[in-house]
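Observations on the model geometry
This is what each chain is made of:
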Amino acid sequence: MIPVFIGFDPRETIAYHVLEQSIINRTTAPVAIIPLAGRMLRGFDGQRDGTNGFIYSRFLVPELMDYRGWAVYCDGDMLLRDDLLKLWDLRDNSKAVMVVKHEYHTKHARKLIGTPMEANNTDYPRKNWSSLILWNAGHPRNRLITREYVSEAPGFALHRFEWLGDDLIGELPREWNWLVGEYDPYPDAKMIHFTCGAPCFSHYWKGDYAAEWHGMKEEVNLALDKSHLMGVA
C-alpha cells in the first residue's frame, strides 16, 4: 500500500480531484489517498503565512504516519502522467527524504494571477523542493519534526529541510516534479506541477499541459454525471 498525502486547499478543490483521478488511473499498486485538509488536522494552522492552505501541513506527514514506513507527499496542483509505483520504487532507506532538487530562478514575478491567492513569486534557496516529497517517516531524524516544531519553526527552515544534513536529502529525477512555465515542455515528464497556477484558474486555462489537465477534469465530471444518472447520492 502506498500512502499518498495531497495538499488540499478549498479554493483549488477541483485541482485536488484531478490529481486524485490521475493517480487512480495510472497507478498499478494499491494507494491510500489522504487529503491534508485543515479541519482534519485538529486545529493545526497550516497557513500562518504563504499562499495555500497546506504550506506547512506537509511536514506533519511523519507524525501522521506514526514515524513508521514511507509515504508520498505532493502539492494539490499536480497531474500524474506515469505509474506512481515507479516513484515508490526509488525509495532509499539511507535518506530521510527524497526530492527533486530544483535549481532555478522563476520566470514569473507573480503567481496565482487573478485569484484571491495572487502573490509575488519570490526566489529562495531550494524553491519547490518540498512540493513533492518521498518521506522516510521512520528515519530517526524525522522524529524531530513534531507538530509543535512545525507550528513554531520558520517557514524557510522547514522548506529547506534544515533539520536534516544534506547527506540525508536524497535526489529524485526532475521529471517527477516538472515545473510548468519554468521548464520547457518535456514528453517524458512523469508528474506535472502547475506551480504558478493550475488550469482551473482563467489566467492559466491554456498553456503547457493544460489540455491534459482539462481532459482529466472532464473524466472527473463524467464520473460525477454517471453517478447522478444512476441515482448515486
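Just so you know, these numbers come straight off a predicted model, no measurement behind them.

1. Some words on the pattern of salt bridges
Within the structure shown, the criterion is met by nine salt bridges. Asp75 serves as the salt-bridge partner of Arg58, at 3.2 Å between the closest nitrogen and oxygen. With Arg58 in the loop between strand S2 (31-36) and helix H2 (61-64) and Asp75 in the loop between strand S3 (70-74) and strand S4 (78-80), this pair connects stretches of sequence that are 17 residues apart. Asp75 gets classed as buried once you look at its relative accessible area, which sits at 7%.

2. Observations concerning the sheet that holds strand S10 (residues 178-179)
A sheet is described by the order of its strands in space; here three strands give the open sequence S4-S11-S10, paired in mixed fashion. Strands at the two margins of the open sheet, each flanked by one partner only, are S4 and S10. Relative to strand S11 (residues 191-193), S4 is paired through three bridges, and the arrangement is antiparallel. Counterpart to Met78 in the pairing with S11 is His193.

3. A few points about the sheet that holds strand S5 (residues 97-99)
Read across the open sheet, the six strands follow the order S2-S1-S3-S8-S5-S9; overall the sheet is mixed. Taken across any chain shown, the strands that pair with only one partner, and hence form the sheet edges, are S2 and strand S9 (169-171). The mean angle between the axes of side-by-side strands here comes to 25°, regardless of whether they run parallel or antiparallel. As paired elements, strand S1 (residues 2-7) and S3 share three bridges and run parallel to each other. Bridging from a neighbouring strand, Phe5 pairs with Tyr73 of S3.

4. Brief notes about the pairing of S2
Along a regular strand, successive side chains alternate from one face of the sheet to the other. Pairing analysis gives six bridges linking S1 to S2, with the strands arranged parallel. Bridge pairing in S2 places Pro3 opposite Ala32. Once the chain exits S1 it traverses helix H1 (residues 13-26) before rejoining the sheet at S2, and the crossover so formed is right-handed.

5. Points about the side chain of Lys190
Summarising the element assignment, Lys190 is placed in the loop between S10 and S11. Here Lys190 is in contact with Leu79, Leu80, Arg81, Asp82, Glu175 and Trp176, once residues within four sequence places are set aside.

6. Points about the environment of Lys107
Checked against the element boundaries, Lys107 lands in the loop between S5 and strand S6 (110-111). For Lys107, a relative accessible area of 54% gives the class exposed.

Criteria and thresholds
- Residues numbered from 1 in each chain as written.
- Predicted model: local features only at pLDDT ≥ 70, side-chain atom pairs only at ≥ 80, totals over all residues.
- Heavy atoms only, no water.
- Salt bridge = Lys/Arg side-chain N within 4 Å of Asp/Glu carboxyl O.
- Helix = DSSP H or I, 4+ residues; strand = E, 2+ residues; numbered from the N terminus.
- Buried < 20%, exposed > 50% of the residue type's maximum accessible area, 1.4 Å probe, protein only.
- Pairing = 2+ DSSP bridges.
- Axes fitted to C-alpha atoms, helices over the stretch in contact; angles between N-to-C directions.
- Right-handed = clockwise from strand over helix to strand, strands pointing away.
- Contact = heavy atoms within 4.5 Å.

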